[in-house]
Amino acid sequence: MNTGAVEFWDGVYKARAAPTDPRPNVRLTETVTGLAPGDVLDLGCGDGGDALWLARQGWRVTALDISDVAVRRLAGLAHAHGLADRVTPERHDLAEPFPRGRFDLICAHYLHTPLGLDRDAVLRAAAHALRPGGRLLIVDHGSTAPWSWNQDPGIRYPAPREVAAGIGLDPAHWPVERADVLPRTATGPGGQTAEVTDHLLVIRRTP
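For the structure given in this document, a descriptive report is provided here. (Residues numbered from 1 in each chain as written. Predicted model: local features only at pLDDT ≥ 70, side-chain atom pairs only at ≥ 80, totals over all residues. Heavy atoms only, no water.)

1. Side note on the state of the cysteines
Then comes step 1: Scanning the entire structure with this criterion turns up 0 disulfides.
Then comes step 2: Unpaired in this structure, Cys107 has its nearest cysteine sulfur neighbour in Cys45, at a distance of 12 Å. (Disulfide = S-S within 2.5 Å.)

So this is what it looks like as structure tokens:
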């Protein structure tokens, strides 16, 4: 496991207060509501809002993060909210072999890191881990929030279709269902708000 990445992300989570009932990402709730629950893999679970929300909708959630701090917090929250039977938090470095299993939904929300992860390879492996009919939901930053850890003025955010091209999947077997650029009012860790842009990509594995 990459100790530099572990130290970085442990530091990110230690530096902010642990929420007692973290909110899910709005793009998740908009996109997944109405889908039949099944097995879901959450890549980079962070504070755990997505994993808890999915569990409340009836999904069986495997939630991964490289940060031991994030994983332990989510395990405690799942137990406190009576969802421990539906949420399995696991510490995993996505730079290592992709976890085993087959899933109906795989989520990657804001899976950005300054530490050299081959993201295209991770997302390609995720697409291959879908069951037929399953979906890969990728939500990326399309702009920089004032509270982001990455304030590089030269940063470029690829459009959703560019992300799909980088993953390099055969569209006959993994067609793009959505590739949207969406505005949102975001709330930062200190309660501040800002207008930001999300890039949303949904890829479906054909039956």
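2. Thoughts on helix H3 (residues 49-56)
Then comes step 1: Counting buried positions over the 8 residues of H3 gives 7, a clear majority of the element.
Then comes step 2: By the burial criterion, the buried members of H3 are Gly49, Asp50, Ala51, Leu52, Trp53, Leu54 and Ala55.
Then comes step 3: Phi for Gly58, located one or two positions after H3, is positive at around 105 degrees. (Buried < 20%, exposed > 50% of the residue type's maximum accessible area, 1.4 Å probe, protein only. Helix = DSSP H or I, 4+ residues; strand = E, 2+ residues; numbered from the N terminus.)

3. Remarks on the pairing of strand E3 (residues 87-91)
Then comes step 1: In the sheet, strand E2 (residues 60-65) pairs with E3 via 5 bridges, with the strands oriented parallel. Note on E3: the bridge partner recorded for Ala63 is Pro89.
Then comes step 2: Handedness of the E2-helix H4 (residues 68-80)-E3 crossover: right-handed. (Pairing = 2+ DSSP bridges. Right-handed = clockwise from strand over helix to strand, strands pointing away.)

4. Brief notes about the packing of helix H5 (residues 119-128) against helix H6 (residues 160-167)
Packed helices, taken two at a time, are described by the angle between their axes plus the distance between the axes.
Then comes step 1: For the pair H5 and H6, interaxial distance at closest approach is 8 Å and the crossing angle is 80 degrees. By the criterion of interaxial angle, the relationship of H5 to H6 is roughly perpendicular. Facing Arg119, Asp120, Leu123 and Arg124 of H5, the residues of H6 in contact are Val163, Gly166 and Ile167. (Axes fitted to C-alpha atoms, helices over the stretch in contact; angles between N-to-C directions. Parallel < 35°, antiparallel > 145°, perpendicular 65-115°, else oblique. Contact = heavy atoms within 4.5 Å.)

5. Concerning the packing of helix H1 (residues 3-14) against H4
Then comes step 1: Where H1 contacts H4, the two axes come as close as 7 Å, and the packing angle between them is 50 degrees. Judged on the interaxial angle alone, H4 and H1 are oblique. Taking contact as the criterion, the partners of Asp10, Tyr13 and Lys14 in H1 are, on H4, Asp68, Val69, Ala70 and Arg73.
Then comes step 2: Residue composition of the contact of H1 with H4, by class: 3 nonpolar, no polar and 4 charged. (Nonpolar A, V, L, I, M, F, W, Y, C, P; charged D, E, K, R; others polar.)

6. Describing the packing of aromatic side chains
Then comes step 1: Applying the stated criterion to the full structure yields 2 aromatic pairs.
Then comes step 2: Between the aromatic rings of Phe8 and Trp9, the centroid separation amounts to 4.9 Å while the plane-to-plane angle is 90 degrees, which identifies the pairing as edge-to-face.
Then comes step 3: For the ring pair Trp9 and Tyr13, a centre distance of 6.5 Å and an interplane angle of 35 degrees mean the geometry is tilted. Of this pair, Trp9 and Tyr13 both sit in helix H1, separated by 4 residues, roughly a single helical turn.
Then comes step 4: Judged by its relative accessible area of 13%, Trp9 falls in the buried class. (Phe/Tyr/Trp six-rings, centres within 6.5 Å; stacked < 30°, edge-to-face > 60°.)

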